[in-house]
Amino acid sequence: MRMTRVRRVLLGAMLGGSLAAAGCDGGATAGASGTGGERAATAGAASGAATGATPVRFADYDGGAVPGGPGAGRHYGIGIRATAAAITKMDRDIGPDGAELPAGTGSVAEGGALYKAQCAMCHGVNGEGMAPAFPRLSGRDPAAEGFKFASDPKLPHTIGNYWSHATTLFDYIRRAMPHVAPGSLTDDQVYALTAYLLAKDDVIAKDATLDAAALRAVKMPYADRFVPDDRRPNAPK
Ligand code: HEC
């Protein structure tokens, strides 16, 4: 469920980006007849350099494919072609079973220090969050035990009571946080932060240290309240 929401947010951001770009491009080309030639030259350079190491302008993207785009046969001429290396760098999702977890280790105590330095300014000293922008992370309310979110919409959602897998918490922090510098944390730091946040919500012991095996063994308190999204034919069973 978390993953679905995150994906939707990312997709939204991407669509917003292309629509904005389409608007700019349309405005720029409307009155400038020379732009077409420049585009064509760029397209030639792009296909020639497709196998090379230098980033090329991504000129193959057909503006006619997008409603409101510059039109069939016209190209945006923005962005760079994704290289295999760039894709590999981003393609590092960790799924619920944690099979892809990297080597590394981190303790609750180390995570506490990191949290204070890099997370508390947005998520609050105790993980209480800052409405409306920065979500609550911790402070699992005993009254929420029983997963009564449907009957009491005011119950706070926290990592301990509303996150399905510890492995995907690691994945999320590693890919998306801190919000201003995603991807900047080392794997050891992500293990430590994950340990700290899980301990804070009483999911693991306060003196725990996590590595891949230990993280895979963590069962979230309400794991059985989440069901795989089975709307896709290849969804995990
Ligand atoms: C600059 C502010 C900022 C900082 C610093 C920051 N975060 Fe976040 N964090 C956010 C925002 C905003 C979201 C919500 C993002 C979304 O929903 O797309 C978020 C979401 C999260 C979530 C998911 C919460 C949920 O239940 O949906 C986790 C976990 C998290 N952050 C952990 C961290 C950790 C760990 C750090 C420190 C390494 C950190 N964040 C630093 C702004 C921040």
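Just above sits the structure.
Residues numbered from 1 in each chain as written. Predicted model: local features only at pLDDT ≥ 70, side-chain atom pairs only at ≥ 80, totals over all residues.

Next up on the list: the overall build of the protein. Assigned secondary structure in the protein consists of eight helices and two strands. Reading the helices (α) and strands (β) of the protein from amino to carboxyl end gives α-α-α-β-α-α-α-α-β-α. The burial tally for the protein puts 24% of its 237 residues in the buried class. Here the contacts in the protein between residues at least 6 apart in sequence split such that 52% fall between residues at least 24 apart. (Helix = DSSP H or I, 4+ residues; strand = E, 2+ residues; numbered from the N terminus. Buried ≥ 20, exposed ≤ 12 C-beta atoms within 10 Å, placed from the backbone. Contact = placed C-beta atoms within 7 Å.)

Moving on, we come to the nonpolar core. What tends to happen in soluble globular proteins is that the nonpolar side chains get buried as a cluster. Among the nonpolar cores identified, the biggest contains 30 residues, and Ala195, Tyr196 and Leu198 are the most heavily contacted of them. Sorting elements by how many residues they give to this core places helix α7 (residues 187–200) first, with nine residues. (Core = buried A, V, L, I, M, F, W, Y, C linked by C-beta atoms within 7 Å.)

Axis separation between helix α6 (residues 166–176) and α7 bottoms out at 9 Å; the angle between their running directions is 125°. Relative to α7, the element α6 lies oblique. Handedness of the crossing formed by α6 with α7: right-handed. Across the interface between the two elements, Ala166, Leu169, Phe170, Ile173 and Arg174 from α6 touch Val190, Leu193, Thr194, Leu197 and Leu198 from α7. (Axes fitted to C-alpha atoms, helices over the stretch in contact; angles between N-to-C directions. Parallel < 35°, antiparallel > 145°, perpendicular 65-115°, else oblique. Left-handed = near helix turned anticlockwise from the far one by under 90°.)

As a further point, take the site of the ligand. Surrounding the ligand, one finds 17 residues, the nearest of these being Cys119, Cys122, Met177, Pro178 and His179. Elements supplying a minimum of two residues to the shell around the ligand: α5 (120–123) and α6. The dominant element in the shell around the ligand, judged by the number of residues it contributes, is α5, at three residues. Its residues placed into classes, the shell around the ligand shows 14 nonpolar, three polar and no charged. (Near = placed C-beta within 6 Å. Nonpolar A, V, L, I, M, F, W, Y, C, P; charged D, E, K, R; others polar.)

Bringing the environment of Gly63 into the picture now. Looking at the secondary structure, you find Gly63 in the loop between α2 (35–48) and α3 (84–90). Owing to 21 C-beta atoms within 10 Å, Gly63 belongs among the buried residues under this scheme. With sequence-adjacent residues up to four places away left out, Gly63 is seen in contact with Gly69, Pro70, Gly71, Arg74, His75 and Tyr76.

Here we take up the packing of helix α4 (residues 108–118) against α7. Where α4 meets α7, the axes come as close as 7 Å, and the angle between the chain directions of the two elements is 95°. Judged on the interaxial angle alone, α7 and α4 are roughly perpendicular. Two secondary-structure elements touch here, α4 through Val108, Glu110, Gly111, Gly112, Leu114 and Tyr115 and α7 through Gln189, Ala192, Leu193, Ala195, Tyr196 and Ala199.

On to the environment of Thr209, then. Tracing the chain through its elements places Thr209 in strand β2 (residues 209–210). Residue class for Thr209 comes out partly exposed when judged on the 17 C-beta atoms lying within 10 Å of it. Along the sequence, Thr209 and Val108 sit 101 residues apart, while their C-alpha atoms lie 6.3 Å from each other. When sequence neighbours within four positions are dropped, the list of residues in contact with Thr209 reads Thr105, Gly106, Ser107 and Ala195.

So, about unusual backbone geometry. Cis geometry marks the peptide bond from Ala131 to Pro132; its omega dihedral reads 0°. The residue Pro132 is located in the loop between α5 and α6 in this model. Across the junction of Met177 and Pro178, the peptide omega takes the value -10°, indicating a cis bond. Considering the arrangement of structural elements, one finds Pro178 in the loop between α6 and α7. Even without being glycine, Phe147 reaches a positive phi, approximately 60°.

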